[in-house]
Amino acid sequence: MSIVTVQLGQCGNQIGHEVFSALCSDIRGTHGLCSKKENESYQDSCKERFFCEEESAVPVARAVLVDMEPKVISQTLSLANSSGHWRYSSHSHFCQKQGSGNNWANGYSVHGPRHKEAIMNLVQKEAEKCDRLGGFFTIMSMAGGTGSGLGAFVTQCLRDAFPSSFLLNHVIWPYGTGEVIVQNYNSVLTLSHLYHSSDALLVHENDAMHKICAQLMNIKQISFRDVNAVIAHQLGSVFQPTHTAGGGSGYSRNPLGDLMETLVPHPEFRMLGLRNIPQMPENSLPYSTFSWPGLIKHLRQMLIANAPMEEGIDWQVRPPHAGSSIPSTNKPLHFNTSIANLVILRGKDVQSVDLGSFQDPSLYTSWLNPQDAFNAWKTPRAFNKYEKCAALVSNSQFLLKPLDSIVGKAWNMFASKAYLHQYTKFGIQEEDFLDCFTTLEQVISSYTNL
């Protein structure tokens, strides 16, 4: 099944380009560490998923690019073309001249309705090129105006136009120190709207990605491109083909559907976080060896101590003892309770890996059977030159702190009516803000009570 990617705003378009580049360089690699037959079926499965073959031999990304200013889209198109390995379709982008001025209301209430028909036509055309449409993957930031406001609007339109397709929003969480003065407003409005129309939100925090660039990748002066490359690597390690549990010998047919089925057992809990191990500069890979037990041990501790990467994990955090019926308020400090987890293993000897430590009932909330709450996907085909790598997609309390912080900051500004006129002039009223706060307070409370 194929996935149509919708890249929204500057951030969405730049990350989208990195994602397709990472996927393409991965399938072009002959380093599969697996049989030729396995490698070929992996490549075919990836191409069907993310690219369509047109008359030219170069694969064309199944993507729609949307931005309210032309600069980033024209850069993205020419970067992809100049790679020579893949490109975007010349008819699947939409841009305007004016931008959204970092104002969510401008993107949502003005640009959205005005350009709805043109954007949805592009999406419809892209969907019709798929033999079987698996769903939509949107990439957006929530700090600015176009990605967040127009992104929330487009997500609602996708939900209305394709009610039975899966819809996964990839959301970039802004730096805590701030990129835009009104980023907390924009974030609260974006998240609460997406919560109503999306099947799940896969979140990457800029701060965590920045740390990975500094500490694991040893990059001295970190650019957005470096951060985006880390994000793209992590997304690729989830969305490239794998064998799902009980899926027979072929590669998984419907990656978005499989992801939702394993990770979103209840509509109140839709926030997914992603962790990846190992991560290092490419030139260090030939000198590194990893054992599966070591990787799994680190990945499990990253989960329970809520660590974004394998360095600086707090090893003191332990799960509560099984059988002790501690009310959730008295849980060990900083322990991260999960609803559902998915571990994806790629590379050498994946079949022999013991994942029993992830089935420990004390990791999970009490209302789900640990057998249902944990799943593993595997493939002997290595990813992106890593002999062994593991990804963890988790529906857990990962985002509780950042979410609480963003809602708190936005509420403080709202209480003193700071910058509200910027939103009311585009038709977003105080009641709309209050509705959004209510939605997110409910999400916070649900995750807190796990």
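Up top is the structure.
This section reports on the structure supplied with the text. Keep in mind it's a predicted model, so treat the numbers as computed, not measured.

### Structural notes on the overall build of the chain
No. 1: If you tally the helices and strands in the chain, you get 14 helices and 13 strands.
No. 2: Its C-alpha atoms give the chain a radius of gyration of 21 Å, near enough to 22 Å, the size a compact globule of 450 residues would have.
No. 3: Restricting to contacts in the chain with at least 6 residues of sequence separation, those with at least 24 account for 81%.
No. 4: With the model as given, the accessible surface of the chain reaches about 18200 Å², and the carbon-plus-sulfur share is 51%.
No. 5: For the chain, the distance from the average position of its 35 positive side-chain charges to the average position of its 39 negative side-chain charges is 4 Å.

### Remarks on the pattern of salt bridges
No. 1: A complete count under the given rule lists 10 salt bridges for this structure.
No. 2: Notably, a salt bridge pairs Asp199 with Arg159, separated by 3.0 Å at the nearest N-O pair. Taken together, the residues Asp199 in the loop between helix 6 (183-197) and strand 9 (200-205) and Arg159 in helix 5 (residues 146-161) connect sequence positions 40 residues apart.
No. 3: Looking at Asp199, the relative accessible area reads 23%, which means it is partly exposed.
No. 4: Residues Lys348 and Glu387 are paired through a salt bridge, measuring 3.5 Å at the closest nitrogen-oxygen approach. Separated by 39 residues along the polypeptide, Lys348 in the loop between strand 11 (338-347) and helix 11 (370-373) and Glu387 in the loop between strand 12 (374-379) and strand 13 (388-396) bring together distant segments of the chain.
No. 5: Overall, the relative accessible area of 32% leaves Glu387 in the partly exposed class.
No. 6: In the salt-bridge network here, residues are joined through shared partners; they are Lys348, Glu387 and Lys388.

### Brief notes about helix 2 (residues 36-50)
No. 1: With 15 residues, helix 2 ought to run about 21 Å at 1.5 Å a step, and its terminal C-alpha atoms sit 21 Å apart, in line with that.
No. 2: By the burial criterion, the buried members of helix 2 are Glu38, Asn39, Tyr42, Gln43, Ser45, Cys46, Arg49 and Phe50. Looking straight down helix 2, one finds its buried side chains confined to an arc of 165°; they lie on one side. Among the exposed residues of helix 2, those pointing more than 90 degrees away from its buried face are Lys36, Lys37 and Asp44.

### Here's the deal with the packing of aromatic side chains
The description of an aromatic ring pair uses the distance of the two centres, along with the angle that the planes make with each other.
No. 1: Scanning the model with the defined rule gives 21 aromatic pairs in all.
No. 2: When the centroid spacing of 5.5 Å and the interplanar angle of 90° are considered together, the rings of Tyr185 and Tyr423 count as edge-to-face. One end of the pair, Tyr185, is in helix 6; the other, Tyr423, is in helix 13 (residues 420-424), and 238 residues separate them in sequence. For the residue pair Tyr185 and Tyr423, the accessibility class agrees, reading buried in each case.
No. 3: Lying over the aromatic face of Phe383, Arg346 brings its terminal NZ or CZ to 5.8 Å of the ring centre.

So, how was this worked out
Residues numbered from 1 in each chain as written. Predicted model: local features only at pLDDT ≥ 70, side-chain atom pairs only at ≥ 80, totals over all residues. Heavy atoms only, no water. Helix = DSSP H or I, 4+ residues; strand = E, 2+ residues; numbered from the N terminus. Rg over C-alpha atoms; globule rule 2.2 N^0.38 Å. Contact = heavy atoms within 4.5 Å. Areas by Shrake-Rupley, 256 points an atom, 1.4 Å probe, with all protein chains shown as cover. Lys, Arg positive; Asp, Glu negative; His and termini not counted. Charge placed at Lys NZ, Arg CZ, Asp CG, Glu CD. Salt bridge = Lys/Arg side-chain N within 4 Å of Asp/Glu carboxyl O. Buried < 20%, exposed > 50% of the residue type's maximum accessible area, 1.4 Å probe, protein only. Expected span 1.5 Å × (residues − 1). Arc of directions from axis to C-beta. Phe/Tyr/Trp six-rings, centres within 6.5 Å; stacked < 30°, edge-to-face > 60°. Lys NZ or Arg CZ within 6 Å of the ring centre and 35° of its normal.

Any link to function would need more than the numbers given here.
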